[in-house]
Amino acid sequence: MKMSSKRQKSEVLFANAKLSIPGGVNSPVRAFKSVGGNPVFMERAEGAYLYDADGNSYIDYINSWGPMILGHNHPTVVEAVKLQAEKAFSFGTPTQLETEMAELVKSLVQNVELIRFVSSGTEACMSALRLARGYTGKNKFIKFEGCYHGHADPFLVKAGSGLATFDIQTVPGIPAGAAMDTLTAKYNDLEGVMALFAQYKEDIAAVIVEPVAGNMGCVLPERGFLEGLRKLCTAHHTVLIFDEVMTGFRLAAGGAQEKLNVQADLITFGKVIGGGLPVGAFGGKKEIMECLAPVGKVYQAGTLSGNPLAMAAGIATLSILKNNTFIYHQLEQTTSSLASGLKNAFSSKGIPVVINQLGSMISVFFSEHPVRNFEEAAVTDIPLFNRFFHHMLDQGIYLPPAAFESWFVSAAISDAEIEKTIQAIKTM
Ligand SMILES: *Cc1c(COP(=O)(O)O)cnc(C)c1O
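Residues numbered from 1 in each chain as written. Predicted model: local features only at pLDDT ≥ 70, side-chain atom pairs only at ≥ 80, totals over all residues. Heavy atoms only, no water.

What follows covers helix H3 (residues 96-108). Along its 13 residues, H3 runs 19 Å from first to last C-alpha, staying within 8% of the 18 Å computed at 1.5 Å per residue. For H3, the complete set of buried residues consists of Leu97, Met101, Ala102, Leu104, Val105 and Leu108. Buried residues of H3 fall within an arc of 160° about the axis and therefore sit on the same side. Residues of H3 that are exposed and angled more than 90 degrees away from the buried face: Gln96 and Glu103. The inward-facing, buried residues of H3 contact helix H2 (75-87), strand E4 (114-118), helix H9 (255-260), strand E9 (266-269) and helix H11 (308-323). (Helix = DSSP H or I, 4+ residues; strand = E, 2+ residues; numbered from the N terminus. Expected span 1.5 Å × (residues − 1). Buried < 20%, exposed > 50% of the residue type's maximum accessible area, 1.4 Å probe, protein only. Arc of directions from axis to C-beta. Contact = heavy atoms within 4.5 Å.)

This is the structure we're talking about:
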């Protein structure tokens, strides 16, 4: 790699990491396996910028894969975490912070009558599925190709980004039985879903969907798709789960439900909800949520669930978003100008590009054709994306290191960073 001399410390740190950690990373997509080259080791971050071990700076378009919607080191969030750190890290008892956080989420998100906190999006989705099965007494569920719902066994079927990046079709270690009740349909293909309902009428416990998909790149729901799922679920006594781990508190304070005006029965959260600390959550209708232990018999638990430090970061982050909803307007504007700037820059180079964007989620597909589902994302020009990625990295712009990932814009990114990003394309 031509610029690797700029990142010598990262090279050494990666070599060392590989001696103790599989592939040198604790989550596969952090490795640069798909784009080639070696990952950059970060040391600190501030606002819109990341700083690596060699002291290079980068405009950050990953924002920890979504959580840092306010940018890095927002002073109010930092202060809240410091204050809590001085009181206690963890009790394993209930705290007022959890109720405060629950009330805050309820005040922002429709259809959340009760909510339970966990420590990751994976846990949230896994628990929501178990709950939907326990509530309905049915086993099967429908998910969409290219949607990711964490790495619990039943979900790792046609599961988008991470797996697509590494071309993993079936996952060793998952017994056939664990995925036996997983039905898959194409994103935006309502007729495919109707066919599954016709075939498995009384057996479908849940439909789980990313209301705006972010794990096959950003793919938007077409008009009528989510509304159609809502109707089918209501008609079949099936729980509609919106996986808002990515979209929650990002597309709007009320997430995709608010932005797109469609109602879910259960909603899962992660990423933004913890403001960078490990928080996940699932919530929904009281009647369903009360099936959870200790009220009901659907067991679910967590030693560090509702952890005070994590709640402090979450409360601070969500409060800022709640009290400054113009942030969403600003994010939308910044990201739209990024989208049009990217489009113009590539057009003037004669490179066909499709840019999918909603709010502060955006992705660039090198293709002449619209991208509405995983199949269409998969046939875009991946080698060109990889070249684009490395060019931008060398220009100090940090994009997700895989074509099948959404970028996440933060409120710390201003017109100056957008301009610098667009300019960087000209030398590609
Ligand atoms: C990131 C993500 C998850 C998994 O969350 P983790 O915190 O990584 O376990 C689940 N669903 C969606 C839509 C996600 O984007």
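Before going further, it helps to examine the site of the ligand. Around the ligand, a shell composed of Ser120, Gly121, Thr122, Tyr148, His149, Gly150, Glu210, Asn215, Asp243, Val245, Met246 and Lys271 is seen. Take Tyr148: an N or O atom from its main chain is 3.1 Å from a nitrogen atom of the ligand. Here a nitrogen atom of the ligand and a side-chain polar atom of Asp243 are 2.7 Å apart. Protein burial of the ligand: of its 380 Å² of free accessible surface, 83% is covered by the chains. Class assignment for the residues of the shell around the ligand results in three nonpolar, six polar and three charged. (Near = heavy atom within 4 Å. Polar contact = N/O pair within 3.5 Å; in protein donor to acceptor, adjacent residues only side chain to side chain. Areas by Shrake-Rupley, 256 points an atom, 1.4 Å probe, with all protein chains shown as cover. Nonpolar A, V, L, I, M, F, W, Y, C, P; charged D, E, K, R; others polar.)

A full pass over the atoms with the stated rule returns 16 aromatic pairs. For the pair Phe144 and Tyr187, a centre-to-centre distance of 6.2 Å together with 85° between the ring planes defines the contact as edge-to-face. With Phe144 in strand E5 (residues 140-144) and Tyr187 in the loop between strand E6 (182-185) and helix H7 (190-199), this pair connects stretches of sequence that are 43 residues apart. Side by side, Phe144 and Tyr187 carry an identical accessibility label, which is buried. Here the aromatic rings of Phe385 and Phe388 are separated by 6.1 Å at their centres, their planes lie at 80°, and the arrangement is edge-to-face. Of this pair, Phe385 and Phe388 both sit in helix H14 (residues 382-394), three residues apart, roughly one helical turn. (Phe/Tyr/Trp six-rings, centres within 6.5 Å; stacked < 30°, edge-to-face > 60°.)

Read these as spatial facts, not as claims about activity.
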